[in-house]
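Take a look at the letters that make up each chain.
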Amino acid sequence: MGYLKGNYKIKKDASAGKDVSKKSARSSTEKFEEFARARLGGSIAFVMKKGTFLWAGDK
Amino acid sequence: MKRLTKRQRDIIGAASLDYTGNFGLENAKDNLSLIKKTVIDLVPEKTGPESSAIVVSGGPSLYKQDPAVIIKEMGYKGTIIAADAALGYCLRSGLIPDYVVSVDPHRAFIMRWYGDPDLDKREKTDYFKRQELDLTLRGGEEAEKNRNQIILVNKYGPKIKAVIATSVANNVVLRLIEAGMDLYWWNPIYDDWDKPDSFTRRAFEMNGAPCMVGGGNVGTSSWVFAHTILKIKHIALVGMDFSYSPGTKLYNTQRYHEMREFFGEDKMEEGYIKIWNPYLKETWFTDPTYDWYTQGFVEMASKADCITYNCTEGGIIFGKNIKWIKLRDFLKKERS
């Protein structure tokens, strides 16, 4: 059985492929974060400062 | 999808502030003339090292476990705090909570749990059919179910204290007053009160109500109220899952539309987070917002001046200072 011989050259620089994949991963993370920022908020804000559950003004 | 990173949690926190900051403060202005008492005016009746409370939330395990039966059977004498989504379940089960808690600023969604006098004027959505937390209200015959809910809440309202955030929409507040509830107010902590133009500080300076950590959701707010205001030392959770049991259809999850929009119908399952529950020996799944709730809750529980007992027999809330036990075993200790 023969094999097909392509009329193109494969890049020998393996890191080039890695860069592409990293860029793609970063891009999907960024997209998710953009989506989360726009659509995934909860029912109310949630912040906790220095383990304080209750704040009733500066004393 | 993996569990959220700190950065991702911060992003969802920022999204929550986007949604609730201005909206909550506007509602607080509308509510200003109605603020007569705050949660500070509540004198804890059952304090001390053996004081206990049960926080009833509206997650799916509530309907699977039906905890009201056990609570009534064992004659529990401690404090019952219902998140608004669980109020209907409690009342239909003959369990009258001492307190009901609300925090979400939306004008329509939380109104359903008190019975919505203007239901026919609301925008038509698939909410009731697809994701309503109160399973009795889910499905058809919305108008009749809503009428029954109004009757039920009106009947028992005068016996229940409402622990109401100033962020709650004014139409919901008026409904609670109509139902005869006594209102005790608090401001949600929106942000760092020391930062310029802080929402938290503006709310406090406007109405003087104390500011309490909301934890992103009403179930967590109820738990914070229990140990911060009522000084309860042993707090059991029922119906607080922040997740979905194995086999739940994605269609019935709380953020189905959002997840489908981003991930696509074919890949949306990948957007959910699978979490192994070592107590149940089951894998539950959750969405990013619920994971944000969960990680925040577990972190707070580790710092709180109380012991938390997860009696849901479901879900993904476990960690330091959280004991996983059956509700019956919690009640056997006969705390009051």
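Computed from a predicted structure; not experimentally measured. (Residues numbered from 1 in each chain as written. Chains lettered and ligands numbered in written order. Predicted model: local features only at pLDDT ≥ 70, side-chain atom pairs only at ≥ 80, totals over all residues. Heavy atoms only, no water.)

### With respect to the overall build of chain A
Now for step 1: Scanning chain A for helices and strands turns up one helix and one strand.
Now for step 2: Within chain A, the fraction of its 59 residues that count as buried is 24%.
Now for step 3: Here chain A displays about 4,900 Å² of accessible surface, and carbon together with sulfur accounts for 54% of that area. (Helix = DSSP H or I, 4+ residues; strand = E, 2+ residues; numbered from the N terminus. Buried < 20%, exposed > 50% of the residue type's maximum accessible area, 1.4 Å probe, protein only. Areas by Shrake-Rupley, 256 points an atom, 1.4 Å probe, with all protein chains shown as cover.)

### Comments concerning the confidence of the model for chain A
Now for step 1: Looking at chain A, the pLDDT average stands at 73 and 56% of residues meet or exceed 70.
Now for step 2: Low pLDDT (under 50) marks residues 1–17 of chain A, which in the prediction has zero contacts with non-local residues, meaning those over four places away or in another chain. (pLDDT = per-residue confidence, 0-100. Contact = heavy atoms within 4.5 Å.)

### Regarding the packing of aromatic side chains
Residue and element names in this part refer to chain B.
Now for step 1: Under the defined criterion, the tally for this structure stands at 27 aromatic pairs over all chains.
Now for step 2: Between F242 and Y290, the ring centres sit 6.2 Å apart and the planes meet at 45°, which makes this aromatic pair tilted. Of this pair, F242 sits in the loop between β7 (234–238) and α10 (256–263) while Y290 sits in helix α11 (residues 288–303), and the two are 48 residues apart along the sequence.
Now for step 3: Residue class for Y290 comes out buried when judged on its relative accessible area of 10%. (Phe/Tyr/Trp six-rings, centres within 6.5 Å; stacked < 30°, edge-to-face > 60°.)

### Considering the layout of surface pockets
Now for step 1: The computed volume of the second largest pocket comes to approximately 420 Å³.
Now for step 2: Around the second largest pocket, the lining comprises 15 residues; the ones closest to its centre are F46 and M48 of chain A together with K6, D10 and E299 of chain B.
Now for step 3: The residue makeup of the lining of the second largest pocket, split by class, is six nonpolar, three polar and six charged. (1 Å grid on protein atoms, 1.4 Å probe; cavity = no way out; pocket = protein on both sides within 12 Å on 5 of 7 lines; lining within 4 Å. Points joined across faces, edges and corners; volume = space filled by probe spheres on them. Nonpolar A, V, L, I, M, F, W, Y, C, P; charged D, E, K, R; others polar.)

### Points about the interface of chain A and chain B
Now for step 1: Facing the 24 residues of chain A at the interface are 53 residues of chain B.
Now for step 2: The contact between chain A and chain B buries some 3,600 Å² in all, and 68% of this surface belongs to carbon and sulfur atoms.
Now for step 3: Among the residues chain A hides against chain B, the three largest losses belong to I44, F53 and W55 of chain A. Together they make up 24% of the total.
Now for step 4: Linking chain A with chain B are six salt bridges, by the criterion used here.
Now for step 5: Measuring nitrogen to oxygen at the nearest pair gives 2.5 Å for the salt bridge that ties D194 of chain B to K49 of chain A.
Now for step 6: Linking chain A to chain B there are 15 residue pairs in polar contact (both at pLDDT 80 or more).
Now for step 7: Listing elements by their share of the side of chain A that touches chain B, those giving two or more residues are α1 (14–39) and β1 (54–55) of chain A.
Now for step 8: For the side of chain A that touches chain B, the leading source of residues is α1 of chain A, giving seven residues.
Now for step 9: Sheet topology places β1 of chain A next to strand β6 (residues 211–212) of chain B; two bridges connect them, and they run antiparallel. Within β6 of chain B, the residue paired with W55 of chain A across the bridge is C211 of chain B. (Buried area = accessible area lost by both parts, 1.4 Å probe. Salt bridge = Lys/Arg side-chain N within 4 Å of Asp/Glu carboxyl O. Polar contact = N/O pair within 3.5 Å; in protein donor to acceptor, adjacent residues only side chain to side chain. Pairing = 2+ DSSP bridges.)

### Overview of the side chain of T79 of chain B
Residue and element names in this part refer to chain B.
Now for step 1: Take T79: it is sitting in strand β2 (residues 79–83).
Now for step 2: With relative accessibility at 7%, the residue T79 sits in the buried group.
Now for step 3: When residues no more than four places from it in sequence are discounted, the contact partners of T79 are K46, S52, A53, I54, D98, Y99, L230 and I232.

### Considerations on unusual backbone geometry
Keep in mind that most residues, glycine aside, have a negative phi and that most peptide bonds are trans.
Now for step 1: The phi angle at D66 of chain B is positive, at roughly 50°, despite the residue not being glycine.
Now for step 2: By the element assignment, D66 of chain B lies in the loop between α2 (61–65) and α3 (67–73).

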